[in-house]
Amino acid sequence: MLTGALHAHSNYSDGEFTLKELREIFLADGKFGSQANFARIDLSNATYFDFGPRHWVFARQTRYGQERSFGDGDEQLIPLPERLYAGGATSHRGFPINSAGPRDPQTGYPVGGAGVFVNTFELRPPPPTLRWVGSDLSFVLFHDMGNAFQKSSQIWPSALRTKQPHSYTCRNVTTPYTTYNTPDTCDFNDFSHAVGLGLRYHTPIGPIRGDFSYNLNPPIYPVFYDYTTSSQAPNPHVGQAGHFNFFFSIGQSF
């Protein structure tokens, strides 16, 4: 599949205030040999505000992405690896990697979507001076919110929803669904919120990071075929994303 992509970065700083932006424009078209026709735009904007005599930092990052397919028949099907995802150490920390948003209506696996919105707030206090580690260990308080969506048009109507709509329909494990995000099936159109505490241990190659998060409103979803079992036989049950998540990596979250 031949595609084209344009990436653009910009940075601005005046000492106390820093701005970073990342823009990605992506096109896949049959004219270039692609089997799927779609366009994607993925925007990220981050700001860092240094304040106080001890240099507290208030950091914020917002990501917005959307995809549009075009063409006829199978050309409109966006491949799973090319969909928009959220969740993970550098995204929405209320979910494991790429696990936010819609799920397959029969297996419960995350399938991404054509829209994504994630906003992160971080308060980064100055590092305390501790015995043994000195000022190498610091802490972060954070709040992540947002989700991945089947359609980008579902993002803004979901902004004020803090609970999963029609969640009772997600408990139906008697009749397998063939779709989702309708009042009669499992709906994932809400903003999921997570709060957490991060630890940063500063090293010559960058901070070693551990983030502990608690998802305030993890979604539930039906699972009709559970391929995590050894028998791989139908095992209908109600699944739920976890409240607690832990991430370990190197470098700041953004």
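Residues numbered from 1 in each chain as written. Predicted model: local features only at pLDDT ≥ 70, side-chain atom pairs only at ≥ 80, totals over all residues. Heavy atoms only, no water.

1. Quick notes on the packing of aromatic side chains
Inclusion rule: Centres within 6.5 Å are what make two rings of Phe, Tyr or Trp a pair, Trp counting through its six-membered ring; a difference in plane orientation under 30 degrees is then read as stacked, over 60 as edge-to-face, and the rest as tilted. Geometrically, a charge over a ring is one whose NZ (Lys) or CZ (Arg) sits within 6 Å of the ring centre while staying within 35 degrees of the ring normal.
Enumeration according to the criterion identifies 12 aromatic pairs in this entry. A ring pair is formed by Tyr180 and Phe188, whose centres lie 6.4 Å apart and whose planes are at 80 degrees; its orientation type is edge-to-face. An aromatic cluster of three or more residues is present, and its members are Tyr64, Phe117, Phe149, Trp156 and Phe191. Directly above the aromatic system of Phe142 lies the positively charged group of Arg93, at a separation of 3.8 Å from the ring centroid.

2. Points about the pattern of salt bridges
Where we set the bar: The term salt bridge refers to a side-chain nitrogen of Lys or Arg lying within 4 Å of a carboxyl oxygen of Asp or Glu. Secondary structure elements are taken from DSSP: a helix is a run of H or I of four residues or more, a strand is a run of E of two residues or more, and numbering for both begins at the N terminus. Think of it in three bands: with a 1.4 Å probe and only protein chains considered, a residue is buried below 20% of the maximum accessible area for its type, exposed above 50%, and partly exposed in between.
Under the defined criterion, the tally for this structure stands at 12 salt bridges. The partner of Arg40 in a salt bridge is Glu82, and the shortest N-O contact between them spans 3.4 Å. Placement of Arg40 in strand β3 (residues 38-51) and of Glu82 in the loop between β4 (56-69) and β5 (115-124) is noted, with a sequence separation of 42 residues between them. The burial state of Arg40 is the same as that of Glu82; both residues are buried.

3. Here we look at the nonpolar core
Under the convention used in this document: Joining through side-chain atoms within 4.5 Å is the link that ties buried Ala, Val, Leu, Ile, Met, Phe, Trp, Tyr and Cys residues into a set, and such a set is a nonpolar core. The criterion used for residue contact is that any of the two residues' heavy atoms lie within 4.5 Å.
Among the nonpolar cores identified, the biggest contains 9 residues, and these are Val111, Cys170, Tyr177, Tyr180, Cys186, Phe188, Ile220, Tyr221 and Val223. Aside from chain neighbours lying at most four places away, what touches Tyr180 is Arg83, Pro102, Arg103, Pro105, Val111, Gln150, Thr185, Cys186 and Phe188. Formed by 8 residues, the second largest nonpolar core is a distinct cluster that contains Ala86, Val118, Ala148 and Ala241.

4. Quick notes on the side chain of Arg209
Convention followed: Polar contact is defined as a pair of N or O atoms within 3.5 Å, subject to the rule that within protein one atom must be able to donate a hydrogen and the other to accept it, and that residues adjacent in sequence are counted only when both atoms are side-chain atoms.
Relative to the elements of secondary structure, Arg209 occurs in strand β8 (residues 206-215). The exposure class assigned to Arg209 is buried, which follows from its relative accessible area of 1%. Within the local environment of Arg209, its side chain forms a polar contact with the backbone oxygen of Ala89, the two atoms lying 3.0 Å apart. Among the polar contacts listed, one links the side chain of Arg209 to the side chain of Asp211, at a separation of 2.8 Å. Discounting residues that sit within four places of it in the chain, Arg209 has contacts with Ala89, Thr90, Leu199, Arg200, Phe247, Phe248, Ser249, Gly251, Gln252 and Ser253.

5. A word on the environment of His237
As for its placement among the helices and strands, His237 is situated in strand β10 (residues 234-240). Residue His237 is classed as partly exposed on the basis of its relative accessible area, which comes to 28%. On a C-alpha basis, the gap between His237 and Tyr221 in space is 8.8 Å, while along the polypeptide they are 16 residues apart. Leave out the neighbours within four places in its chain, and His237 touches Val173, Tyr221, Pro222, Val223 and Asp226.

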